[in-house]
Each structure stands twice: as C-alpha cells, then as structure tokens.
Amino acid sequence: MKLWDELVRVALVGTERVPLALPPAPGALAPLLDEAAKGPREDALLACAAYVSGWQVAGALPPAPDTLSAAPAAIEGDRPEATPREASLLRAMVAEAPSALTEAFRTLERRGRRVPLALLPELFALAARSRDLRPPLAAAMGAHGAWLAAQRADWRFMLGEVATLDASAWDGDRAQRAIYLRTLREHDAAKARDLVAGCWKAEPAASRRDFLATFEVGLAAADEAFLEAALDDRSKEVRATAADLLGRLAGSAFQGRMAARARARVRIDGKPLGEAPPAATGFLGKLAQRALGAVGAGRTVDFEPPSELSAEDKRDGLESESKQEGKGWRAAALKEIASSTPLDLWTEATGLGIDDFLKAARKSDWRAPLLDGLRAAALAQERADWAEALFASVGMEKILEHELGPIVRLLPPALLSSAAVAAKMSHRSIVFGTEIPAPWPLPMTEALATQAFGVARSVPYWEHWNAALILLVAERGAIAYHAEFAKAATELLQKDTEYRKSLDEALRTYQLRHEFHEEPLP
Amino acid sequence: MQAEEQDIPRAVGAVPPTFTSEQVIALAPDPASASAGRGLSGPSKWVTLGIRGDALWGECQGSGKTPYQTRIDLTEPAFKCSCPSRKFPCKHGLGLMLLWVDKPALVKDAEPPAWVAEWLASRTERAVKKQERAEEKAQKEADPVAQAKRAERRESRVEAGVAELEVWLRDVLRRGFAAAKSDDSESWHRMAARLVDAQAPGLSRHVRTLQEALSSGDGWQSRALRQAARIHMLTQAWRRIETLPEGLREDVRAAIGFTQSKEEVLAGKAVADDWYCWAQDIADTEEGVRAQRLWMVGLKTRRVALLLSFARPGTPFEFNFAPGMAHAASLAFYPSATPLRALVKERGEAKQHRAPALDATLAAALGRHGEALARNPFVEYGAFAMRDVRLALAGERFLLVDGVGRAVPAFGDTEALWRAYSATMGRPAMVFAEWDEQRARPLAVEADGVHYAVRAVEQP
C-alpha cells in the first residue's frame, strides 16, 4: 500500500533528512492524517503510522487462494472407529507397551472396528521403525488410515501393506503394485499373472523380483510355465526367486528334477537311492526291515557330488560359488537338492521311517547341508511330521540356529510347551517364544512364566535374558494367565528384587492386553 | 468488602465421573508421572477406596509397611498424598483418579475416615483464613493516606519516564531506523532500564520489542514502524488518560505496567455462566516459570475469558479446568475496554458439552477482532472459536480455511498440526486458535463431538 510504504521510507531514512509528503489517503483516514500532519514531524509520522496500521489490520481480509484443494470427501462404508475405551487403551499401549499393539490391532480388526485417525500419526512413526507392526496396522487402520497414509511422503510406505483390489494401485509405486498383485492373486490369479507378464520386459530387476515373489500367494500349477521361464532371467535375484517358488510347487517339473538328482546322488548304505531296496511287504518283511532300521549302526547316508555342475544344474540354482564352510559348492548343491525334493521321496525310496532316516542323516559327513535342506523343505511343504522329527533329532544345543526358528510354528502346542520346559535356560526359551505370535497357548505360557519367575527368585544377580523372557511372557502370554502372572510378579516386587523395572513394565503390558481383550457389556 | 461465610460448593450424594482419563492425564506434571500414574490405576494396588460427595480417597500399598494415604477434592481437583514425592499431583493421586474414572463401581460411597475428614476441614479452614487475610491486607492498604502517597509517587515517576521516552523516540525517528539499527545495544538497554526505574515495566518491554523488531529479518521495517507507532500511541494516551473512557484507561495503565491486585479484581462484578474450556496451553517463560493459559467461552454469554496463571515446575497452577468440558463458574474480569483476562471467583460442577463456536467465517472472526481493536487499540492478539473451518495443506505448510474459501496461515508444532489434521481428516470441524494478526495458532479442535488438544502426543 503506497501510503504505508511512504511512511516506512521516511521512518527508515529519518525525518531530519526527508519531509513527510504523503499520497492521498482513502476515505475516513484523510481528515485524521491531515490533522496529524500538523504536529512536529516525528509525532506526525508516528501518528499517521498508528492510524494507517490500525486501519490496515482492522480491515484486512485474508485471501481466498484458488490453488487450494477441496476438503477430502468423507469415506463411506468403512468400519466404525474404535470405542473411546479401546482408543484410550491403545494410546496407553503406544506410550507404555508398544509390544502389545500387534495383538491389539488383530483383536480390533476381528471386532470389526478400526484404529482412530487421531492415533495414526504416532503409529505410523512407530511402524516406520518396526517392520513387524506394519501388516497388522495396515489391516486395522481401515480405508481412513489408507487415506491418511497417502497424505505424507514419510507415511506412504504403509500403502505397500494395504491389501487392495483397486486397479488404480497398478499405477502406484513398486510397493503398491506388489500389494495389489498379492491381493489380486487371491481372487483372480490369472489376471495377476497376465499383468506381470505384460509389464515383465520393461520392468527393472528389483520390480521383477518383487512381482515374481507375489506368486507365493496361491501358488498353483498354472504358474509353473511362467516361473520356469523366469529361471532364465538375466537377474540373479529373479532366478533365485523363481527357483525358490518352483521348489515349493508340488508336482512341478523342477521338483521332479531335484528328486531325480536326489535319487542319483544321495546314497544310502553306499547305494544310490534309486536302487535302494524297495519297501518291504508282508508282516515278516516289514519286521525285518524295522529291525534293520532299529540297529541304526549300519545305515549311512552319503552324497556323491558331480565333478562339476551342468548347465541344467546351474539353471536350477545349484550355485557354483558358495560361501558355506567345509565342502563349498557341493554342500550348497546338496542343500538346494534337499530343500526342493518332495519329502516323501526319502521315506519311500529308503523304506525307512522319518525318525530312522534322520538318525542316519545325523551320522553323515554331509549332515549340515542335508539337515538344513530338510528343514527348509519341511517349512515349504508344511510338513508338521517332518518338523517334529527334525526338531526332536537336532537336540537342544542347536536351538540357536536361526533356521530352526521358523519351523517351530508348525509344531503342535503340546510339543511347544514341553520344548519350552525342556529348553531350561531363558536364552533358549526365548527363541521359541519369539517365533510364536501372541497369544501363546496356556500350557506354554505357564511353563515359561514359571521358569522365568523361578530364576528371578533364586538367582542372586540379574540376568538380562531372564528379564527379556519375563517381558516376552507379558507381551505374548495367554490372556487367561494374566491374574496368575500379576500375582507372582506383585509378590516378587514386594521383595528387594533386581527385576523391579522389568516386572513393572511386564505388569503394565499384561494388564493393558488383558483390559483390551475384555469387552465391557454394552 | 463484607466478610461472608465461604461455602465451598459440595454436591449431595455420589458424583458420577465427569472427567475422562485423558483429562486426568493432562493434569500430570510430566510424561513420567503420567506413566507412573497409569501403573497405579489397577485395583490391586489400592487397599482402601472411598468417595463421599466431592471427596475421593484411597490407600495405596507402596514398598514400605504403611500404605500411602491419598485424598482428592474433585471440585478443583486438588490432591494431597502422604508419599514423599515432590511432584504435583503425585502418581498416587493420578492413579486413584484414573481408577475412579475407569471403574467407578469399585469406589463405594462411604463415611470419610478421620485422615480424609481432617484434610477437608483444614481446606475449608484455609479458605476462610485466606479470605480473612485478604480482608486484613485490603484494610491495611486501604489506609487512604499511605495509599494515596504511594500512588502519587508512582504517577510522577511514570510521568518522568514517559517524558524521557517521548524525547528518545522522536530522536530515533529523526535519525531514522537505518541509523538506529547500527546503534550499539547499550543505548537501548539504558532506555529500557530507565523505564523500569520509572515503574513502567510495560513500556520497558515495548522498547525491547522495538529493538528486536529492528533485527527481525524480512519485513523488519514495517514491523519496527508499527511498534514505534504503538509506543507513540501509549505515550499520547497517557497524556490524555483522564479523557479516556474507564475501560480504555485501564488498558493504557496495564500496557504501561500498572497492575491490579487480584483482590480488587475479585471484588468487582463477576460473570456467572457455564464456561466451556476450549484449550489449555502451557509454556515455559524466560524466568523458568511455567505459564498456563486457559481459554474459556461462556455458553450463554458467548464471552471469551483467558485465565492466566503461573507456577514453578512441580507446583500446581492456581486454576485447573479440564479442556473439552463446560464448567459452572463465576469469572471476574480485569477491567478493560475489551475484557479478556479473568480470575475465578467461584466454581461449581463440570459437565460434558458440545464446543461453542463464535463465528462461522474468517471474515466474521476478523471482524470481531477489528471491533475489539476499535475499542482498544492496544489489543495484541485475539482468539478464534470457529465452526466449519478446516486445516489444509499448501505444500509443507498448513492453512486454516473457512467455508467460503478464505485462508490464513496456521502455525505451531508441525507434528501437533499433523495430528489435528489427521483427527479431522482435513474436513470442516470446530477449531479454537490464537490470532496474532498474521497467523492463527490452533490450540484445540473438536470433530464429531470429540475434543482434541493440538499437541503432538496426548501428553502435557
């Protein structure tokens, strides 16, 4: 405004240097400024400034920018928000027991409600740091949450977790397209396959790998052709993904090739599997075979590696460079063969039961890669019988090997809890606990809690593994066990205990889980 | 003032909780206390629990032999606990209150035990004594001769200070801001100190603000001129103070640095209403003291009141009103042409209520501010209590946009604004914001009947 600018100019330079010569003032201001200008120069300047600035401030209207986007439309048909009580408990969990959130989100989803919008900024910040939180949060945040995640660049990662059949997701970033494919595969796998095939040539290796990985959802025979072709991809990661998936596809040619290799190269009692004595028939025959198996000493498992890998071997992913200790690429090859061979081959070809076969395998020079491969196969082929047998055969000292970890999910609850007890030491029990999501079966909860409290009571110093176990029990234990846990923890707190901090936090976590789980009567 | 029997209002019979657990947590002095308080909100921690009227009490088993005795007067709320903690309220007070809010069925109506009754009685006694002391003090100061002498002395000191300031300010404008900018800070410091000596601390602050404006970056020239004009208005108003209407006279005196005693204000007329507490804003001041602003809007009178109180960290504020609720109270306003600041004369029950809005468009809200400016040119900020207004993103910044598309910049903690944006989904809602004539600072929003403080996390 010219009037104001002139006033500022004079104030800047000083009234002793320039006179006050103001441009005409609008309406009501004019007589006021005329009157003010009559005084001494400095007073006149200040008085005019007071009038004009007051006039400006009082009369200012904010602009109506046309670049503004409209308010977001209300989202219809979404699940209702969590109740105020649930919201309050969730808030408390964010502040004091974030480990309880995953279970709470699943419960909320089951109840048909969604996480309140107001909590999401904090939760997105948590999920940015903790990957495990993302899928349950994405499932529980509803369409409102998905809308919010799209509003901010550092929240968009959540969109890669939200299952969607909205075709516009195919225009999004790689994570969005991958999640779209995953969701689509559950409803129309052929369409998903066509989309991937359609964009295959143009996509960079990382995208090809991620899109191919989505085939694990509803993996079926119809996928085989595409996966076989992907074994020839120029990217190593894509090839590895294809090999991994084909190895899991029951009845695939790939599995057949691996089985053939197993038959040719694995020896039992010196003879190739393909030539092993057939399964015995008749009562006496079976008895004899069982007797032979039970002796054990005579049964050996061996591996006769090829002198070098053929082109077909390399295509199927049998590495020729290996970082494994010991026998190098040969061991890696055995592992790959074992992980993709249908597990029934071993028992059918040898006529041995699972336990007997594993007994023999454990004595082999090749036991490390063989057992690694068998574990991977048990997991991929979802064979609880093999999982149990492998678990039993390995022995406690091997529990820390991470590859055993995921297998425990296949074990029945009774076995888990007895294993937890048998583990005896907190740092081993924790390996079990970490693999099982909340809530644990009651016997397992009881066993681990009893063990942890026992250590806390009797051992004079603080053991960090035990503190971690106490916290894990509180985070994952059966809800029904809450009262017992609280009682034991409170009793322990009344003594002078080194575990005070862990017990306080554990009590709080378990209490919050218990309260969230309880639904008050309407 | 006549001595009256102070009757602390008490509800008859059991009081169902009118607080929410968020409001209780907001009373905590720091997040660690809030957390500890929650840890003590489980029934297994409390050996005794009871309530009668506004008195809530319990005994909490600690690590020692004897349990801690915790008492709460729900009218304020006020806390008293036998634990050694210096925090206020302590974790036991918070835990007890949370327990009662969450599971009122567990707290039975009962005859208060001796240790509770004694505390209540001593509170009544203290309130009465406070009243008596205030009257004594008023009587002493009411000694007309001494009072008049003191007032006269101050007036002449201020007069001298104002005269010096006028001369000094004219000099600044004569030489120009460009020259003043390169002055060393000593001369400014001297003028400011001189005004403090002249018992005009408000004027001293204005001089310091002008000095800061000179180096305030982009647009400093306009800012400096506005501030200089404001000082000029004040000095001229002082010269003519007798001719000004009464309210404006008080505003001029307040701006110069004259304060009014609380007793005087409380002795004046009070406005009774159900006051909705829109927002609570706590900030740390330079002197290490915490300042609490409570913004209240009267449901019937539609007036805005600002309750200002100060406290050292760890001590409670004088006023405690839970945001998001309406509180029956009598507020006594500091005299002004545009009364805003107030004190609590009496208070009653709180109840849940929808947030009241004063305006539906920015034009109306700014118009209201303009009217206030016309009555009192020394007003420095205003408050918006608006409906149908939304937070919108313009690049990285937030705007407050009304129903006809006008927008003002919204400022504050970024994460806090994002949380408010999330809670409202960027859709029209009720918003309360402070207005400094350039930007709006949202302090609270209400969407779908739920009240949210504009804070990054739901913690003080």
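That block above? That's the structure.
Throughout what follows, the structure given in this document is the object of discussion. Keep in mind it's a predicted model, so treat the numbers as computed, not measured. Along each chain, residues carry numbers from 1 onward, in the same order as the chain's sequence is written. For naming, the first written chain is A and the first written ligand is 1, with later ones following in the order written. Owing to the predicted nature of the model, reporting of local features is limited to residues with pLDDT of at least 70; listing and counting of side-chain atom pairs is limited to 80 or more, with chain, interface and lining totals taken over all residues. The basis for every side-chain value is the complete set of heavy atoms in the structure, and neither hydrogens nor water enter the calculation.

## Looking at the sheet that holds strand E2 (residues 271-272) of chain A
All names here are of chain A.
Moving on, step 1. Criterion used throughout: strands pair if DSSP finds at least two bridges between them. In this text, helices come from DSSP runs of H or I with a minimum length of four residues, and strands from runs of E with a minimum of two, each type numbered from the N-terminal end. Spatially, E2-E1-E3 is the arrangement adopted by the three strands of the open sheet, whose pairing is antiparallel. Looking along the sheet, the strands with just one partner apiece sit at the ends: E2 and strand E3 (301-303).
Moving on, step 2. In this sheet, E2 lies alongside strand E1 (residues 266-268) in antiparallel orientation, the contact comprising two bridges. Counted as the bridge partner of Ile 268 is Lys 271 from E2.

## Some details on the packing of helix H6 (residues 120-129) of chain A against helix H8 (residues 142-149) of chain A
Residue and element names in this part refer to chain A.
Moving on, step 1. At a minimum axis distance of 11 Å, the contact between H6 and H8 shows a crossing angle of 70°. The pairing of H6 with H8 is recorded here as roughly perpendicular in orientation. The hand of the H6/H8 crossing is right-handed. On the side of H6, the interface is formed by Leu 120, Pro 121 and Phe 124, while H8 contributes Gly 145, Leu 148 and Ala 149. Angles shown run from 0 to 180 degrees and are taken between the N-to-C directions of axes, each axis being a line fitted to C-alpha atoms and, for helices, limited to the stretch in contact. Relative orientations are named as follows: roughly parallel for angles under 35 degrees, roughly antiparallel for angles over 145 degrees, roughly perpendicular for angles from 65 to 115 degrees, and oblique for any other angle. Note: crossing handedness is left-handed where the near helix turns anticlockwise from the far helix by less than a right angle, and right-handed where it turns clockwise. Should any heavy atoms of two residues lie within 4.5 Å, those residues are considered in contact.

## With respect to unusual backbone geometry
One can expect most non-glycine residues to show negative phi and most peptide bonds to be in trans.
Moving on, step 1. For the bond from Ala 438 of chain A to Pro 439 of chain A, the omega torsion is -10°, close enough to zero to count as cis.
Moving on, step 2. A positive phi angle is found at Glu 437 of chain B, which is not glycine, with a value near 80°.
Moving on, step 3. Tracing the backbone shows Glu 437 of chain B in the loop between strand E13 (429-435) and strand E14 (440-447).

## Notes on the side chain of Arg 293 of chain B
Residue and element names in this part refer to chain B.
Moving on, step 1. Relative to the elements of secondary structure, Arg 293 occurs in strand E6 (residues 290-298).
Moving on, step 2. Of note is the side chain of Arg 293, whose polar atom sits 3.0 Å from the side chain of Glu 434.
Moving on, step 3. Here Arg 293 is in contact with Ala 279, Gln 280, Asp 281, Leu 306, Leu 307, Leu 308, Tyr 381 and Glu 434, once residues within four sequence places are set aside. A 3.5 Å cut-off defines polar contacts: any pair of N or O atoms within that distance qualifies, except that in protein one atom must be a possible hydrogen donor and the other a possible acceptor, and neighbouring residues in sequence count only when both atoms are side-chain atoms.

## Points about the interface of chain A and chain B
Moving on, step 1. Contacts between chain A and chain B engage 53 residues on the former and 55 residues on the latter.
Moving on, step 2. Here the quantity called buried area is the accessible surface, traced with a 1.4 Å probe, that two parts lose on coming together, added over both. Ranking the residues of chain A by area buried against chain B places Leu 12, Leu 46 and Pro 62 of chain A at the top, with a combined share of 13%.
Moving on, step 3. A pairing counts as a salt bridge when a side-chain nitrogen of Lys or Arg comes within 4 Å of a carboxyl oxygen of Asp or Glu. Put simply, chain A and chain B have four salt bridges between them.
Moving on, step 4. With its nearest N and O atoms 3.3 Å apart, the salt bridge here joins Arg 152 of chain A to Glu 415 of chain B.
Moving on, step 5. The interface formed by chain A and chain B holds 17 residue pairs in polar contact (both at pLDDT 80 or more) in total.
Moving on, step 6. A per-element tally of the side of chain A that touches chain B places helix H3 (residues 41-59) of chain A first, with eleven residues.

## Points about the nonpolar core
All names here are of chain A.
Moving on, step 1. In this structure, Leu 212, Trp 346, Leu 358, Leu 374, Trp 386 and Phe 485 are the most contacted members of the largest nonpolar core, which totals 93 residues.
Moving on, step 2. Of all the elements, helix H24 (residues 442-458) adds the most residues to this core, at seven residues.
Moving on, step 3. The set of buried Ala, Val, Leu, Ile, Met, Phe, Trp, Tyr and Cys residues whose side-chain atoms join them within 4.5 Å is what this entry labels a nonpolar core. Between buried and exposed lies partly exposed: a residue is buried under 20% and exposed over 50% of the maximum accessible area for its type, with that area taken using a 1.4 Å probe on protein chains only. Counting residues in hydrophobic clusters, the runner-up holds 61 residues, among them Leu 90, Leu 101, Val 162 and Leu 512.

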